[in-house]
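Geometric and topological summary
Here is how the chains run, residue by residue.
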Amino acid sequence: MSRQTDHANLFDDARSRLEAVFEALDVPADARERLMQPNLSLQVSVPVRMDDGRLKVFPGWRVQYNDTLGPAKGGIRFHPNVTQEEVTTLSFWMAVKCAVVDLPYGGGKGGVQVDPKALSRLELERLARSYVRSIADVMGPDRDIPAPDVNTNAMVMGWMADEFDHLARGKVPAAITGKPPALGGSLGRVAATGRGALHVLDLWAARAERRTEDVTVAVQGFGNAAYHFARLAHARGYRIVAVSDSKGAIYSEEGLDPDPIMVQKRRNQRLHDMVYCNDSVCIAENVEKLDRDDLLTLEVDVLALAALENQIHEDNVDQVRAKALLEIANGPVTSAADARLEERGVPVIPDVLANTGGVIVSYYEWVQNRTGERWAEEEVNARLAERIERQSRLVLERAERESVSNRQAAYRQGIERIANGILKRGNCQDSD
């Protein structure tokens, strides 16, 4: 039921949300112009020496969307379907989400068009180092700070950080976040996106006067962010009734335990191939196997979207029966589907708020690296909770006060901050 992401239209669809925000905020024309295009878009060739001696060259990109509020910040993804249009869109969303949660950053994003599953570990390391060499002139702790994204992790960030140190002829830990703790990475970073999404869901549920034990949740995707969200939500008392991966989904009305699911998945088993209940592990009783996209049509209280872009679109939005949607992935609902959900009265907790936990803790890693401090995981988690709850409360209260959707309220909060920064910097026809 989900369709291949149309990257050719992704950026236009993302920017289309801005018009209503501009009108509501009366954003001056100069600020509008600056917010409609990225500051920098770099395309690079990423050469990699393969294990068999051949040289392969992969296309890559790094986009810096807007640096009004601070240096660009954003992840790097390795995926066979990455395009410049997608990276540009992701950098735009990063600019908005950093402003929504009041971080001193602009938006950045990077990607390499490659299937990392087809590479050996050494080939993957060569790819990571080659990419850093290709973009080194436009990155750094005061200009653009990369981080992990799809198919990249702390190990990959460690390789990249080491390569940048070699190029800089010194130690520059704040140039990259999401690193292993041994290289200056922050404790709490791995689970931060899922943990942050749970904080936002908790706040929404409390305002809706919903008890956690009465809320059923289906989670699309079972990568890092989805797993940690599901794990923490399960521990909090939410009933996780379904999860999916790229090949299929499983459902249990009684609820699923995410931990044994991940244990088995890490043994390279697909969800459909797992042993659901035996002498050593029991994920749930009465597990039902579903097609991957059937999860999107389940009648649940919350559908958590943690896969890729454009999963809910015009062709399937009317089949969605969830009472609310939580966007842990970037851009999982198209603008047309979003409008239809609003017509139906289905609230959406938007990505530019719900998945900011990762970039918030990346910011804390950057701060620790620049000050030479090391914070305990409890301190990192407490700081994350305080910031995301405070900014989420502002968004939800604004949505209620101005009678708009949560997404419109979040965009208004973020764009208002960026536009004000643009005007205060001067050289604007409309500045005071």
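This text follows the structure it describes.
Residues numbered from 1 in each chain as written. Predicted model: local features only at pLDDT ≥ 70, side-chain atom pairs only at ≥ 80, totals over all residues. Heavy atoms only, no water.

1. Some words on the environment of Leu 167
- As for its placement among the helices and strands, Leu 167 is situated in helix 6 (residues 154-168).
- Separated by 31 residues in sequence, Leu 167 and Ala 136 place their C-alpha atoms 7.9 Å apart.
- When sequence neighbours within four positions are dropped, the list of residues in contact with Leu 167 reads Val 132, Arg 133 and Ala 136. (Helix = DSSP H or I, 4+ residues; strand = E, 2+ residues; numbered from the N terminus. Contact = heavy atoms within 4.5 Å.)

2. Notes on the sheet that holds strand 7 (residues 239-244)
- Strand order in this open sheet of seven strands is 9-8-7-6-10-11-12, and the pairing throughout is mixed. Both edges of this open sheet fall to strand 9 (288-290) and strand 12 (348-349), since each of them pairs with a single strand only.
- Those strands touched by helix 8 (residues 224-236) are strand 6 (216-220), strand 7, strand 10 (302-305) and strand 11 (324-327), and its axis lies near 165° from that of strand 6. (Pairing = 2+ DSSP bridges. Axes fitted to C-alpha atoms, helices over the stretch in contact; angles between N-to-C directions.)

3. Focus: the pairing of strand 1 (residues 40-49)
- As paired strands, strand 1 and strand 2 (residues 55-64) are joined by ten bridges and run antiparallel to one another. Following the sheet pairing, Val 48 is matched in strand 2 by Lys 56.
- What sits between the antiparallel neighbours strand 1 and strand 2 is a turn of five residues, in which Gly 53 has the positive phi angle 100°.

4. So, the sheet that holds strand 5 (residues 144-148)
- Strand order in the open sheet formed by five strands is 1-2-4-3-5, and the pairing between neighbours is mixed. Because the sheet does not close on itself, it has two edges, and the strands there are strand 1 and strand 5. In this sheet, adjacent strand axes meet at a mean angle of 25° when their direction is disregarded.
- Pairing of strand 2 with strand 4 (residues 106-113) involves five bridges; the strand directions are antiparallel. Directly across from Trp 61, in strand 4, lies its bridge partner Gly 111.
- Helix-sheet contacts for helix 5 (residues 121-135) involve strand 1, strand 2, strand 3 (72-79) and strand 4, and the interaxial angle to strand 1 is about 145°.

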